[in-house]
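For reference, the chains in residue letters:
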Amino acid sequence: MAHPQIAAFARLAEGSAKASRKIEGQKSSLGRTMHSIAYDEIHDEIVVPQQLAQAILVFRGGATGEEPPIRVIQGPLTQLAAPDQLAIDPVHNEIFIPEREHVLVFSREANGNVAPIRVLKGPDTLLGADMAAVDPVRNLLVVSGRPPGPNGEPAGFSIFNRTDQGNVKPKWRIAGSNVGSGRVYVYPPKGELISAHGRAVGVWNIDDRGNVPPRWLIGGPGGELRSIRGIALDPKHKSVIVSDKQLNAVFTYYFPEMY
């Protein structure tokens, strides 16, 4: 059984380093199934989904030990079923929750049993939504996944207006055998999409269309990555941080070309 915790390490930590602090314990309300974490640099908050409790937990950025969340989104009005991934838009104060057939959008300050402020859902959306990312500069929402049903639509990224809701078609798609449907992140200053691409990390531009290959790759068939679980960007140090589930490790790559 996994030990539910959020562990923080020094940026330059290497090898079998000890965590500098941990959020853990019963009062934290963390569960053993947490596949996403987001840091809101503007408001200094940590946001995680709690799948087993059908909840979204928000901690202060400096939380440590058995510290409770400062806000919890939970209850029947939320429409949360099994939240596994999330994206935050601290510029517009919103939290996005992709759950296969829909994307739920909450106010950043939502607390308790509250309804979403928008829901993106319907056959025209072509969701399966595995993961979402927000470009607050271009006001766009990127949703990765494989469309449901036998219509032959390939897996990839669907691009929407950030404020789209209801049954709306994507503005365009980046999809096909060269793309896949991995976890997706956005670097807004350059409009880049960063996603797991098999055993590598691929970089596309948000203005790409169709079945286009990534502009850059980190890793690949001969590389050390095996099962990419998460990606984080460190623009200040021109780095990309990748966690690997199979290797139980975190890798940091210096990648100035992307920035």
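This text follows the structure it describes.
This text gives an overview of the structure that appears in the document. (Residues numbered from 1 in each chain as written. Predicted model: local features only at pLDDT ≥ 70, side-chain atom pairs only at ≥ 80, totals over all residues. Heavy atoms only, no water.)

### Thoughts on the overall build of the protein chain
(1) Moving on: The helix and strand tally for the protein chain stands at zero helices and 21 strands.
(2) Moving on: Its C-alpha atoms give the protein chain a radius of gyration of 18 Å, near enough to 18 Å, the size a compact globule of 259 residues would have.
(3) Moving on: Dimensions of the protein chain along its principal axes, counting C-alpha atoms only, are 45 × 45 × 35 Å.
(4) Moving on: Looking at the protein chain as a whole, 47% of its 259 residues qualify as buried.
(5) Moving on: For the protein chain, the proportion of contacts with a sequence separation of at least 24, taken over those separated by at least 6, is 47%.
(6) Moving on: A distance of 3 Å separates the average location of the 28 positive side-chain charges in the protein chain from that of its 26 negative side-chain charges. (Helix = DSSP H or I, 4+ residues; strand = E, 2+ residues; numbered from the N terminus. Rg over C-alpha atoms; globule rule 2.2 N^0.38 Å. Buried < 20%, exposed > 50% of the residue type's maximum accessible area, 1.4 Å probe, protein only. Contact = heavy atoms within 4.5 Å. Lys, Arg positive; Asp, Glu negative; His and termini not counted. Charge placed at Lys NZ, Arg CZ, Asp CG, Glu CD.)

### Brief notes about empty space enclosed by the protein
(1) Moving on: In total, this model carries one cavity of 30 Å³ or more according to the counting rule given.
(2) Moving on: There is about 30 Å³ of room inside the largest cavity.
(3) Moving on: Forming the walls of the largest cavity are Leu-126, Leu-127, Gly-128, Val-143, Ser-144, Gly-145, Pro-147, Gly-156, Ser-158 and Arg-173.
(4) Moving on: Secondary-structure elements contributing two or more residues to the lining of the largest cavity are strand E12 (140-145) and strand E13 (156-161).
(5) Moving on: For the lining of the largest cavity, the element with the most residues is E12, which contributes three residues.
(6) Moving on: A per-class count over the lining of the largest cavity returns four nonpolar, five polar and one charged. (1 Å grid on protein atoms, 1.4 Å probe; cavity = no way out; pocket = protein on both sides within 12 Å on 5 of 7 lines; lining within 4 Å. Points joined across faces, edges and corners; volume = space filled by probe spheres on them. Nonpolar A, V, L, I, M, F, W, Y, C, P; charged D, E, K, R; others polar.)

### Considerations on the nonpolar core
(1) Moving on: In terms of nonpolar packing, the biggest core is built from 18 residues, with Val-201 and Val-240 touching the most fellow members.
(2) Moving on: Ignoring sequence-local partners within four residues, the contact set of Val-240 consists of Ile-218, Ile-231, Ala-232, Leu-233, Phe-251, Thr-252, Tyr-253, Phe-255, Met-258 and Tyr-259. (Core = buried A, V, L, I, M, F, W, Y, C linked by side-chain atoms within 4.5 Å.)

### Comments concerning the side chain of Asp-244
(1) Moving on: By the element assignment, Asp-244 lies in strand E20 (residues 239-244).
(2) Moving on: Buried charge without a salt bridge: Asp-244, with Arg-226 as the nearest opposite-charge side chain at an N-O distance of 6.6 Å.
(3) Moving on: Here the side chain of Asp-244 touches Gln-246 through a polar contact of 3.0 Å, landing on its backbone nitrogen.
(4) Moving on: Not counting residues up to four positions away in its chain, the partners in contact with Asp-244 are Leu-225, Arg-226, Ser-227, Ile-228, Arg-229, Ala-249 and Phe-251. (Salt bridge = Lys/Arg side-chain N within 4 Å of Asp/Glu carboxyl O. Polar contact = N/O pair within 3.5 Å; in protein donor to acceptor, adjacent residues only side chain to side chain.)

### Some remarks on the pattern of salt bridges
Two side chains with opposite charge may pair up if their charged atoms get near one another.
(1) Moving on: Here the structure, examined in full by the defined rule, presents twelve salt bridges.
(2) Moving on: Between Arg-100 and Asp-130 there is a salt bridge, and its shortest N-O distance comes to 2.4 Å. In this pair, Arg-100 is assigned in the loop between strand E8 (94-99) and strand E9 (102-107) and Asp-130 in the loop between strand E10 (118-121) and strand E11 (131-135), connecting sequence segments 30 residues apart.
(3) Moving on: For Arg-100, a relative accessible area of 40% corresponds to the partly exposed category.

### A closer look at the sheet that holds E13
(1) Moving on: Pairing in this open sheet of four strands is antiparallel, and the strands run E11-E12-E13-E14 from one edge to the other. The open sheet has two edge strands, E11 and strand E14 (172-175), and neither has a second partner. Each adjacent strand pair in this sheet contributes to an overall mean axis angle of 20°, direction not counted.
(2) Moving on: One ladder, built from six bridges, connects E12 with E13; its direction is antiparallel. (Pairing = 2+ DSSP bridges. Axes fitted to C-alpha atoms, helices over the stretch in contact; angles between N-to-C directions.)

### Some thoughts on the environment of Ala-63
(1) Moving on: Along the chain, Ala-63 falls in the loop between strand E5 (55-60) and strand E6 (71-74).
(2) Moving on: The exposure class of Ala-63 is buried, given its relative accessible area of 0%.
(3) Moving on: Ala-63 sits 75 residues away from Arg-138 along the chain, and the two C-alpha atoms are 32 Å apart.
(4) Moving on: Those residues in contact with Ala-63 that sit more than four places away from it in its chain are Arg-21 and Ile-23.

### Observations regarding the sheet that holds E9
(1) Moving on: Pairing in this open sheet of four strands is antiparallel, and the strands run E7-E8-E9-E10 from one edge to the other. Pairing within the sheet leaves two strands with one partner each, and these edge strands are strand E7 (87-89) and E10. Neighbouring strand axes in the sheet, compared pairwise and without regard to direction, differ in orientation by 20° on average.
(2) Moving on: Sheet topology note: the E8/E9 ladder contains six bridges and is antiparallel. Paired with Glu-99 across the two strands is His-102, which belongs to E9.

### What about unusual backbone geometry?
(1) Moving on: Look at Asp-44: it is not a glycine, yet its phi comes out positive at around 55°.
(2) Moving on: With respect to the helices and strands, Asp-44 occurs in the loop between strand E3 (38-40) and strand E4 (45-50).
(3) Moving on: Judged by its relative accessible area of 39%, Asp-44 is partly exposed.
(4) Moving on: For Gln-54, which is not a glycine, the phi torsion comes out positive at approximately 50°.
(5) Moving on: Structurally, the position occupied by Gln-54 is in the loop between E4 and E5.

### A look at the side chain of Ser-144
(1) Moving on: Its location among the elements puts Ser-144 in strand E12.
(2) Moving on: Leaving out residues up to four positions away in the same chain, Ser-144 has contacts with Gly-128, Ala-129, Asp-130, Met-131, Gly-156, Phe-157, Ser-181, Gly-182 and Val-184.

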